[in-house]
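Next come the chains, spelled out residue by residue.
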Amino acid sequence: MIKNLDLKESLFILENNYIGHLSYIYQNKPYVVPITYYFDQVNNAIICYSGEGHKIIAMRKNNAVSLQVAEISTVNHWKSVLVHGKFEQQFGSGAKAYLHAFSLGVKDVVMEKEQTKLDFISEFSSKIFKGDTPIVFLIKIEHITGKKRKALNS
């Protein structure tokens, strides 16, 4: 049986995960890529970062994006959340503050979920290379929906 998640359940899934699938449009074609994220409850936004490239160029041109996060146990037991929002690139000290929050937040989620202590952002994200300046961006949340499936006998 498939049911809608209430907002509280959807927010719980966002808070307790760090890998999602980012979707965006480039040259009238949809793209979906995996991405590491952190849900910033205070600002009701998703924090991400990337190197300069295809997705950043695309999101600068069309800032309407979505992020899908799923918890899948079996074919009959899963939850999925879809966030619709707007890409918003960050700059200067604001970008540094968000990147710091991202790093600490993801480390906390990994510690809670996997009982693994991480010390450096490079341990869970490969986007920072020597000399690269990360592009920090938010997905300013406009709408959240969620679904779940749970077998009747479980």
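Residues numbered from 1 in each chain as written. Predicted model: local features only at pLDDT ≥ 70, side-chain atom pairs only at ≥ 80, totals over all residues. Heavy atoms only, no water.

Looking at the pattern of salt bridges
Two side chains bearing opposite charge may form a pair once their charged atoms approach each other closely. Test applied: Whenever a carboxyl oxygen of Asp or Glu lies within 4 Å of a side-chain nitrogen of Lys or Arg, that contact is scored as a salt bridge. Here a strand is any run of E in DSSP of at least two residues, a helix any run of H or I of at least four, and the numbering for each starts at the N terminus. For every residue, the accessible area obtained with a 1.4 Å probe (protein chains only) is divided by the maximum for its type, and the residue is called buried under 20%, exposed over 50%, and partly exposed between those limits.
Inspection of every chain in the model, using the stated rule, returns two salt bridges. With a closest N to O distance of 2.9 Å, Glu-9 and Lys-148 form a salt bridge. With Glu-9 in helix α1 (residues 7-15) and Lys-148 in strand β8 (residues 135-150), this pair connects stretches of sequence that are 139 residues apart. The exposure class of Lys-148 is partly exposed, given its relative accessible area of 23%. Across the pair Arg-60 and Glu-52 runs a salt bridge, and its minimum N-O distance is 2.8 Å.

With respect to the side chain of Ser-23
Its location among the elements puts Ser-23 in strand β2 (residues 19-26). By relative accessible area, Ser-23 is classed as buried at 18%.

So, the packing of aromatic side chains
Which entries qualify depends on this criterion: Pairing of aromatic rings covers Phe, Tyr and Trp, the last counted by its six-membered ring, and requires centre-to-centre distances within 6.5 Å; plane angles under 30 degrees mean stacked, over 60 mean edge-to-face, and any other angle means tilted.
Evaluated as defined, the whole model comprises four aromatic pairs. Judged by centre distance (5.7 Å) and plane angle (10°), the ring pair of Tyr-24 and Tyr-31 falls under stacked. Put simply, the rings of Tyr-24, Tyr-26 and Tyr-31 touch in pairs and so form one group of aromatic residues.

Distances and angles like these do not, on their own, reveal function.
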